[in-house]
There are 2 protein chains.
Amino acid sequence: MNAPAESRWVSFPPYVARRPRALPGGFRATGVACGIKPSGDFDLGVLVSDEAATTSAARFTRSGVLAAPVIVTRDRCRLDAIRAVVVNSGNANAATGGRGFDAAVHMQGAAAMVTGVDAGTVAVASTGVIGVQLDGGKVVRGLAAARPTLTADGADEFSRAIRTTDAFAKEAMLDVELPSGTVRLSAQAKGAGMISPAFATMLCFVQTDAAMSAETCDLLLGVCVKRSFDRISVDGQLSTNDTVILMASGASGVSVRPESEDELRLGQALDALLRHLAVLIVRDGEGSRRIGRVVAEAADERNAVRAARAVANSPLVKTALYGGDPNWGRIAQAVGAALADQAPVALDIWIGDVQVCARGAAISHDAELLAAAATGEEVDYRVGLGGEGAQAEVFFSDLSYEYVRINGEYTT
Amino acid sequence: MNAPAESRWVSFPPYVARRPRALPGGFRATGVACGIKPSGDFDLGVLVSDEAATTSAARFTRSGVLAAPVIVTRDRCRLDAIRAVVVNSGNANAATGGRGFDAAVHMQGAAAMVTGVDAGTVAVASTGVIGVQLDGGKVVRGLAAARPTLTADGADEFSRAIRTTDAFAKEAMLDVELPSGTVRLSAQAKGAGMISPAFATMLCFVQTDAAMSAETCDLLLGVCVKRSFDRISVDGQLSTNDTVILMASGASGVSVRPESEDELRLGQALDALLRHLAVLIVRDGEGSRRIGRVVAEAADERNAVRAARAVANSPLVKTALYGGDPNWGRIAQAVGAALADQAPVALDIWIGDVQVCARGAAISHDAELLAAAATGEEVDYRVGLGGEGAQAEVFFSDLSYEYVRINGEYTT
């Protein structure tokens, strides 16, 4: 399956050029097969910055059950100065106890040796089956094999190695024209794939050769993640392994200072890039035929987010999206359930440009326009909660027979 | 489809006899077709107690978007002295604004006339499509036709009139031997059915001829609802219309006093009755092949409830249940997402009697026993959260192709 066409929900700023080429300056990457995936496909990826002054920032799943690599990266890695990333797919190294923790630490150490950086600057990530011990020997042997293949052209291999059952690649390389000069920005993501008997895990690694402080990395990543990976739902199920890492090598010599026009532009490019990848993850949502976007408007952001998430996570809204059914009663139901403490909610609902509900009550509308709005590849929902000033947007996939097949039919 | 066999999760106390017979003393009921359902099936039910001293209690959906009948019953009906109930199916009278509110009030008034009780003691309930105005004329004409058919033998007709696409009836009649004498207890419920383009709505009406105070009604109903209808998930979607009403006519002359053995026994009978009906609703969950029960144990009840609900609502757990797949990684994931503030969670997980995870880590187990435990009609999950003293139990249906067909294929 090829990557889908561009989404109308994401546009890149005019000073951004999408260009397939090498990684940003300072970075090398690779991907190999180390034998974790029974298919023999790539399952071990390494990424390294050769610049000693590399800065970074990271975000992790908020789950109360954390995979070993998440704990190791969070607690034993300098998150503001990550030099290398090692990722395996095919095994989540989650619910694996002390043995799993040791395996993640060993993976960190072996990757440090292979990339020539300090172990305390190596981030570890895993994705795949839960509750099965990770074979550390395969990882170490795979890392040894990966060493000579690390190259500035290795992004595709790295990207392939971090995917599980993703139907298509989720990566992009950008040139970003800043007032101070042109920098490169690239990212590799995986998500919405599944490897039995586990569940989707979202990973994303972002590189730039801009020079910026770790604080700037953290600020930009925090803002952009909140508008992208934090605003998507395939099945509303938070993973134990989600990890997003931004690394800035500084190799371009272009310095991005706080509150500068450079920072603003780079932030907008990063925002478009992560939203692009986030929508690709939803588009690749297991079994998805159509995808939706819900925008909720309210007086305060918390209620807007709660309402938008409830609509995006509702299996009834998702099945209606799948069926192309403009069944807005389900939207009213989902919002009501989410905002139980806000009753009565004076709901306005639009599907596409067609308003179907005003201040909580059905209104007459053009049924043909409504049907057309509900049957596109990308369906827009807008929900007004009786206030202004705050807005939340969530992208979501539908719920299809194929989702049930993928998640129900494979029996361990 | 016939009602399924008894569930091993519900047992009636030895002093309870299940006996199909007339309603408890003092009650009459009926059901008629008034033309709301295009199929011509029964869609209007009336229930009345002829005893002036009837006491009652009620519980409603916690949704922030309330249907008109819920608002009317909550705000314009004496909930401790309900004498009559009028219910229509085929239209939820939700998201219908001022016109819908007026329709619910008219329905209340017309039912008062037909049953001969004060309008302020008539409860109103609706279930069906959302966002379509209720035809008040049909309801009024239907009530006139229903008047002469009200009878002590009318429970089946009433039960039929409140259902939508339920595959089987959900009702029961019990004799309960109390120390002070025998009382009757009956209930009619509907749920998990769907009528396009709406969603499932749960209704339950309970009658007894025991004599007891409204406070006792409220206490017993509150405790028993919390262990039954408040602990089920078909798709985790809270309705705008959920209503449960208990009425006690006192016609048996058997008085049930607070903190008496009578109260204890009646409470246990009510508990078994509502759990019986709740499990039937889950069993009839749209497209359900298998049903599950998850019991979560923790140091405090809030965490136990959060974890159990998260497991029961997870589409990944539900598809695994459908597939008979003992995929316990999804249980770890669901609990972790629900208890993000409790990390690290020292999870124990059992499927049936087979423990698969101890203190957060996979343990070896008998794969054949595990497979057998995951493929029954009723699958047991137990989750330990690293504490004792509190327990929460939730019943849930699976997520099947049929669920997607029911909710996705019908296009308005």
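Please read all numbers here as calculations on a predicted model, not as lab measurements. (Residues numbered from 1 in each chain as written. Chains lettered and ligands numbered in written order. Predicted model: local features only at pLDDT ≥ 70, side-chain atom pairs only at ≥ 80, totals over all residues.)

1. Things to note about the overall build of chain A
Per the secondary structure count, chain A includes eleven helices and 17 strands. Judged by the C-alpha coordinates and their principal axes, chain A covers about 65 × 55 × 40 Å. Expressed as a percentage of the 412 residues in chain A, the buried residues total 63%. Long-range pairs, those at least 24 residues apart, make up 80% of the contacts in chain A between residues at least 6 apart in sequence. (Helix = DSSP H or I, 4+ residues; strand = E, 2+ residues; numbered from the N terminus. Buried ≥ 20, exposed ≤ 12 C-beta atoms within 10 Å, placed from the backbone. Contact = placed C-beta atoms within 7 Å.)

2. Quick notes on unusual backbone geometry
All names here are of chain A. For Glu259, which is not glycine, the phi dihedral falls at a positive 60 degrees. For Glu259, the position within the fold is in the loop between strand 11 (243-248) and helix 6 (261-283). Overall, the presence of 8 C-beta atoms within 10 Å leaves Glu259 in the exposed class. If you check the backbone angles, Arg359 has positive phi at about 45 degrees while not being a glycine. The exposure class assigned to Arg359 is partly exposed, which follows from the 14 C-beta atoms found within 10 Å.

3. Regarding the sheet that holds strand 9 (residues 203-208) of chain A
Residues and elements named next belong to chain A. Read across the open sheet, the six strands follow the order 1-7-8-9-11-4; overall the sheet is mixed. Across the chains shown, the open sheet's two edge strands, defined by having one partner strand only, are strand 1 (16-18) and strand 4 (55-60). In this sheet, neighbouring strand axes are inclined to one another by 15 degrees on average, regardless of whether the strands run parallel or antiparallel. Relative to the sheet, helix 5 (residues 214-226) contacts strand 4 and strand 11, its axis offset from that of strand 4 by approximately 35 degrees. Set on the sheet, helix 6 makes contact with strand 1, strand 7 (170-178), strand 8 (181-190) and strand 9; between it and strand 7 the angle comes to about 165 degrees. (Pairing = 2+ DSSP bridges. Axes fitted to C-alpha atoms, helices over the stretch in contact; angles between N-to-C directions.)

4. Digging into the environment of Met107 of chain B
Secondary-structure assignment places Met107 of chain B in helix 2 (residues 97-115). Through-space distance from the C-alpha of Met107 of chain B to that of Ala92 of chain B is 13 Å; in sequence the pair is 15 residues apart.

5. A few points about the domain arrangement of chain A
All names here are of chain A. According to the domain assignment, chain A consists of domain 1 (16-283) and domain 2 (291-409). The centre of domain 1, based on its C-alpha atoms, is set 32 Å off from the matching centre of domain 2. Mapped by element, the contributors of at least two residues to the side of domain 1 that touches domain 2 are strand 10 (232-233) and helix 6. With four residues, the single largest contributor to the side of domain 1 that touches domain 2 is helix 6. (Domains from an automatic or database assignment.)

6. Observations concerning the relation of the copies chain B and chain A
Overlay of chain B on chain A (RMSD 0.0 Å): rotation 180 degrees, translation along the axis 0.0 Å. As the rotation angle and translation indicate, the two copies are arranged about a two-fold axis. Of the C-alpha atoms belonging to chain B, the one lying closest to the rotation axis is found on Tyr401 of chain B, 2.7 Å away. By residue overlap, the copies meet face to face through one surface: 100% of the interface positions of chain B are interface positions in chain A. (Least-squares fit on C-alpha atoms with pLDDT ≥ 70 in both.)

7. Notes on the confidence of the model for chain A
Here chain A shows a mean pLDDT of 88. Residues at 70 or above account for 94%. Confidence drops under a pLDDT of 50 for residues 193-200 of chain A, and excluding neighbours within four residues, the segment shows 39 contacts in the predicted structure. (pLDDT = per-residue confidence, 0-100.)

8. Re the interface of chain B and chain A
Counting from both sides, the interface comprises 62 residues of chain B and, opposite them, 62 residues of chain A. Counting residues per element, the ones that place at least two in the side of chain B that touches chain A are helix 8 (315-323), helix 9 (329-338), strand 15 (361-362) and helix 11 (401-409) of chain B. Looking at which element gives the most residues to the side of chain B that touches chain A, the answer is helix 9 of chain B, with eight residues. The residue makeup of the side of chain B that touches chain A, split by class, is 33 nonpolar, 23 polar and six charged. (Nonpolar A, V, L, I, M, F, W, Y, C, P; charged D, E, K, R; others polar.)

9. Looking at helix 6 (residues 261-283) of chain B
Between the first and last C-alpha of helix 6 of chain B there are 33 Å, a value that for 23 residues agrees with the 33 Å anticipated at 1.5 Å per step. Most of helix 6 of chain B sits inside the fold, with 18 of its 23 residues counted as buried. (Expected span 1.5 Å × (residues − 1).)

10. Regarding the packing of helix 7 (residues 301-313) of chain A against helix 9 (residues 329-338) of chain A
All names here are of chain A. Put simply, helix 7 and helix 9 touch, their axes get as near as 8 Å, and they point 130 degrees apart. It follows from the interaxial angle that helix 7 and helix 9 lie oblique. Of the two possible hands of crossing, helix 7 and helix 9 adopt the one that is right-handed. Contacts between helix 7 and helix 9 involve Arg306, Ala307, Ala310 and Val311 on the former and, on the latter, Ile331, Ala334, Val335, Ala337 and Ala338. Broken down by class, the residue content of the contact of helix 7 with helix 9 amounts to eight nonpolar, no polar and one charged. (Parallel < 35°, antiparallel > 145°, perpendicular 65-115°, else oblique. Left-handed = near helix turned anticlockwise from the far one by under 90°.)

11. Observations concerning the nonpolar core
In this structure, Ala307, Val311 and Val335 of chain A together with Ala307, Val311 and Val335 of chain B are the most contacted members of the largest nonpolar core, which totals 286 residues. Excluding anything up to four places from it in sequence, Val311 of chain B contacts Val294, Val317, Ile331, Ala334, Val335, Tyr381 and Val383 of chain B. (Core = buried A, V, L, I, M, F, W, Y, C linked by C-beta atoms within 7 Å.)

12. Considerations on the pairing of strand 14 (residues 354-358) of chain A
Residue and element names in this part refer to chain A. In the sheet, strand 13 (residues 348-351) pairs with strand 14 via three bridges, with the strands oriented antiparallel. For Trp350, the partnering residue across the bridge sits in strand 14 and is Gln355. If you look at the hairpin formed by strand 13 and strand 14, you'll find two residues sitting between the two strands, and Gly352 has a positive phi there, around 60 degrees. Taken together, the two bridges between strand 14 and strand 15 (residues 361-362) define a ladder with antiparallel strand orientation. Across the sheet, the residue bridging to Cys357 is Ala362, located in strand 15.

13. What about helix 5 (residues 214-226) of chain B?
All names here are of chain B. Here helix 5 is 13 residues long and its end C-alpha atoms lie 18 Å apart, about the 18 Å a rise of 1.5 Å per residue gives. Turning to helix 5, its buried residues are Thr216, Cys217, Leu220, Leu221, Cys224 and Val225. For helix 5, the buried positions fall inside an angular range of 145 degrees around the axis, keeping them on one side. Summarising the contacts, the buried residues of helix 5 are in contact with strand 4 (55-60), strand 11 (243-248) and helix 6. (Arc of directions from axis to C-beta.)

14. With respect to the sheet that holds strand 9 (residues 203-208) of chain B
Residue and element names in this part refer to chain B. The mixed open sheet is built from six strands, whose spatial order is 1-7-8-9-11-4. The strands lining the two open edges of the sheet, one partner per strand, are strand 1 (16-18) and strand 4. Neighbour-to-neighbour, the strand axes of the sheet open up by a mean angle of 15 degrees, direction not taken into account. Here six bridges tie strand 4 to strand 11, and the two strands are oriented antiparallel to one another. When the bridges of strand 11 are listed, Ala57 appears paired with Leu246. Against the sheet, helix 4 (residues 155-162) makes contact with strand 7 (170-178), strand 8 (181-190) and strand 9, and its axis sits at roughly 25 degrees relative to strand 8, the strand it touches most. Here helix 6 sits on the sheet in contact with strand 1, strand 7, strand 8 and strand 9, set at roughly 165 degrees to strand 7.

15. Some remarks on the pairing of strand 16 (residues 378-384) of chain A
All names here are of chain A. Summarising the sheet, strand 12 (residues 291-298) and strand 16 pair through seven bridges and their orientation is parallel. Looking at the pairing, Arg293 lines up with Asp380 of strand 16. Here four bridges tie strand 13 to strand 16, and the two strands are oriented antiparallel to one another. Within the sheet, the bridge partner assigned to Trp350 lies in strand 16 and is Arg382.

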